[in-house]
Amino acid sequence: MSAVLQRPAQSSRGPGLRARLSAFSTRHRSISVIVGMAITAAVLPLIVLLPPFSSFSGQSIWIDGFTIAGIYVLLALGLNIVVGLSGLLDLGYAAFFAIGAYTYAFAASPFTGNEFPFWPMLLVGAVMAAIFGILLGAPTLRLRGDYLAIVTLGFGEIVPIVILNSSKYTDGPNGIGGITPPSIGDFLFPTTGNPWPFYLTMLALITLSMILIYRLQDSRLGRAWMAIREDELAAAANGVNTVTTKLLAFALGASTAGLAGVFLASKLQTVTPNLFRFDVSFTVLAMVVLGGMGNVWGVAIGAFIIFMIQSVFLKQLNLFFDNVHVPILSDVDFLQYQFLLYGIALVAMMLLRPEGLFPSRRRRRELHTEEDAEFGEHGDPMGAAPE
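Residues numbered from 1 in each chain as written. Predicted model: local features only at pLDDT ≥ 70, side-chain atom pairs only at ≥ 80, totals over all residues. Heavy atoms only, no water.

**What to know about the overall build of the chain**
To be explicit about the condition: By definition, any uninterrupted DSSP run of H or I lasting at least four residues is a helix, any uninterrupted run of E lasting at least two residues is a strand, and each is numbered from the N terminus. Relative accessibility under 20% of the residue-type maximum defines a buried residue, over 50% an exposed one, and the middle range a partly exposed one, all with a 1.4 Å probe and only protein chains included. A contact between two residues is defined here by any heavy atoms of the two lying within 4.5 Å. Residue burial considers only the protein chains on display, and all accessible areas are found by Shrake-Rupley using a 1.4 Å probe.
Scanning the chain from terminus to terminus reveals 18 helices and six strands. Taking all 387 residues of the chain together, the buried fraction comes to 44%. The contacts of the chain with a sequence gap of at least 6 include a subset with a gap of at least 24, amounting to 74%. Approximately 20,200 Å² of the chain is accessible, and the part contributed by carbon and sulfur atoms is 66%.

**Details of the environment of Phe53**
Mapped onto the elements of the fold, Phe53 is located in helix H4 (residues 53-56). Setting aside residues up to four positions removed in sequence, Phe53 forms contacts with Ile47, Val48 and Trp62.

**Re unusual backbone geometry**
With a phi angle near 60°, Asp171 is a residue other than glycine that sits in the positive phi range. Assignment of secondary structure puts Asp171 in the loop between helix H9 (167-170) and strand E3 (176-177).

**Some remarks on the confidence of the model for the chain**
Heads up, the condition is: Each residue carries a pLDDT value, the predictor's own confidence for that position, ranging from 0 to 100.
Scored by pLDDT, the chain comes out at a mean of 84, with 87% of its residues at no less than 70. The least confident element of the chain, judged by mean pLDDT, is helix H1 (residues 2-11) at 47; the most confident is helix H6 (residues 94-107) at 95. Here residues 1-12 is a poorly scored stretch, pLDDT under 50, and it has zero contacts once near neighbours within four places are set aside; other chains count. Low confidence marks residues 379-387, where pLDDT is under 50. Its contacts with residues over four positions away, or in another chain, come to twelve contacts.

**Things to note about the packing of aromatic side chains**
Put simply, the rule reads: Two rings from Phe, Tyr or Trp (for Trp, the six-membered ring) form a pair when their centres sit within 6.5 Å of each other. Planes less than 30 degrees apart are called stacked, planes more than 60 degrees apart edge-to-face, and all others tilted. The rule for a charge over a ring is simple: NZ of Lys or CZ of Arg within 6 Å of the ring centre, and within 35 degrees of the ring normal.
Under the counting rule described, the total for this entry stands at 16 aromatic pairs. Ring geometry for Tyr102 against Phe106: centres 6.0 Å apart, planes inclined by 55°, an arrangement best described as tilted. With Tyr102 and Phe106 both in helix H6 and four residues apart, the pair spans about one turn of that helix. Through pairs of rings, three or more aromatic residues link up here, namely Tyr104, Phe118, Trp119, Phe187, Phe189, Phe198 and Phe263. Positioned above the aromatic ring of Phe198 is the side chain of Lys267, whose terminal nitrogen or guanidinium carbon lies 5.5 Å from the ring centre.

**A closer look at the pattern of salt bridges**
What counts is decided by this rule: The term salt bridge refers to a side-chain nitrogen of Lys or Arg lying within 4 Å of a carboxyl oxygen of Asp or Glu.
For the coordinates displayed, the defined rule picks out five salt bridges. The residue Arg29 makes a salt bridge to Asp218 at a minimum N-O spacing of 3.6 Å. On the criterion of sequence distance, the pair formed by Arg29 in helix H3 (residues 29-47) and Asp218 in the loop between helix H10 (196-217) and helix H11 (220-230) is long-range, its members being 189 residues apart. Note that Arg277 and Asp279 form a salt bridge whose closest N and O atoms lie 3.8 Å from each other. On the basis of relative accessible area, Arg277 is assigned to the partly exposed category, the value being 46%. Classification of Asp279 as partly exposed rests on a relative accessible area of 25%.

**Description of a nonpolar patch on the surface**
Heads up, the condition is: In this analysis, a patch consists of residues with relative accessible area above 30% that form no salt bridge, clustered at 9 Å for like charges and at 5 Å for the nonpolar side chains Val, Leu, Ile, Met, Phe, Trp and Tyr.
A surface patch of nonpolar side chains, amounting to about 550 Å² of accessible area, comprises Ile31, Val35, Ile39, Val43, Ile47, Phe53 and Phe56. At the level of secondary structure, the elements contributing two or more residues to the nonpolar patch comprise H3 and H4. Sort the elements by how many residues they give to the nonpolar patch and H3 lands first, with five residues. Classification of Phe53 by relative accessible area gives partly exposed; the value is 34%.

**Focus: the packing of helix H14 (residues 278-291) against helix H16 (residues 338-352)**
Definition in use: Angles shown run from 0 to 180 degrees and are taken between the N-to-C directions of axes, each axis being a line fitted to C-alpha atoms and, for helices, limited to the stretch in contact. Should an angle lie under 35 degrees it is considered roughly parallel, over 145 roughly antiparallel, and from 65 to 115 roughly perpendicular; all remaining angles are considered oblique. By definition, any crossing whose near helix is turned counterclockwise from its far helix by less than a right angle is left-handed, and any crossing with a clockwise turn is right-handed.
The interhelical angle for the contact between H14 and H16, taken along N-to-C directions, is 30°, at an axis separation of 11 Å. When the axes of H14 and H16 are compared, the pair comes out roughly parallel. Relative to H16, the crossing made by H14 is left-handed. Here H14 contributes Asp279, Phe282, Thr283, Ala286, Val289 and Leu290 to the contact with H16, which in turn contributes Phe339, Tyr342, Ala345, Leu346, Met349 and Met350.

**Describing the nonpolar core**
Put simply, the rule reads: Only buried Ala, Val, Leu, Ile, Met, Phe, Trp, Tyr and Cys residues count toward a nonpolar core, and they belong to the same one when joined by side-chain atoms within 4.5 Å.
Counting residues in each nonpolar core, the largest one holds 94 residues, and the members touching the most others are Ile71, Leu75, Phe96 and Val271. Considering every element that reaches this core, the biggest residue donor is helix H5 (residues 59-85), with 17 residues. Beyond its immediate stretch of four places on either side in the chain, Ile71 contacts Phe97, Met202, Ala260, Phe263 and Leu264.

**Some details on the environment of Val33**
You can see Val33 is positioned in helix H3. Residues Val33 and Trp297 lie 264 residues apart in sequence; the distance between their C-alpha atoms is 8.8 Å. Residues within four places of Val33 in sequence aside, it is in contact with Thr207, Met210, Ile211, Tyr214 and Trp297.

**Topic: helix H15 (residues 296-324)**
Heads up, the rule is: Working rule for helices: expected span equals 1.5 Å times residues minus one. Throughout, bend refers to the angle between the axes fitted to the seven residues that end at a position and the seven residues that start at it. Residues adjacent in sequence count toward polar contacts only when both atoms are side-chain atoms; beyond that, a polar contact is any pair of N or O atoms within 3.5 Å, and within protein one must be able to donate a hydrogen and the other to accept it.
The end-to-end C-alpha distance of H15, which contains 29 residues, comes to 40 Å, matching closely the 42 Å that a straight helix rising 1.5 Å per residue would cover. The sharpest bend along H15 comes to roughly 40°, located at Ile309. At the N-terminal end of H15, a side-chain oxygen is found 3.4 Å from the backbone nitrogen of Trp297, two or three residues along, and the residue is Asn295. At the C-terminal side of H15, His325 shows a positive phi close to 60°.

See the structure below:
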């Protein structure tokens, strides 16, 4: 009886802190993204000063690694538009990454003799990648499922091969070097020694991309993407132009990859065809799936975690087992088995948590509809009664 009397008192307190923060984040997406990224920008450089991270590398090396991880976060955010929001399987995403990188390489390098500034070229690289996304999507987006995946895979293989064999225009396997880094006034971004300018620039690009993607997700276009993902036939029957809507998804996803490509070219000051092979597309797709398709924050966190495991954790495993002299493990190069580990992780995720580590609520409901219906009818094997 006392428990029953206490319930109204508990409910009168209103929602808890977590519920209030979630409601505020839903109402004010842009503010929550800016605050979240500002906290991330401040916390990451401080964490690496603490053990055990401080024993791996210095702070500057860590921040440089975070900047490269940010490139993959940007790629994952773009691919999430295509795969997570629209439900289209794109296996050639690295091609748009290459188009953005080579656009800036042609615009600001001794190879061509051009010296276009970095900041406008961010938009130009994004637009060029979007144009190629439209050119690829226009004749192929009437295809579905496996057929669309095969076409995008072919496109992803064609672009690096064309770059590799067009030595007159791309310098072939040697790539294009001497690319001009970004500058603000008379300040030229240092490529060694001071990683902060690139780090802060990448954080700003990710913040802007996340805000735009959230705006798109909550718009009429975003709802059309999700309708196509759930049931394309039903979406078409309700008046959604599926071809145009999917084409916009391809173009916007490609533009994000082009943005990342321009930044990569300016950061490395060189681009080669080997930077844009199929393993890049596969890695970014794994980041989207493991992070949680459809969830912007989940994809960003998943991409960051996977890149850090790939670039830091596996290397440290090699050093650790070399030092402790474990008979079998000392001879294993874990970096060579990174894709085997990706495969095992993907299989495990599909079996145990198909919605990903940080799924969106809608995606979680979609993947567990049958389980909920079965529970509502029969309960569960542990004896819980249906509601």
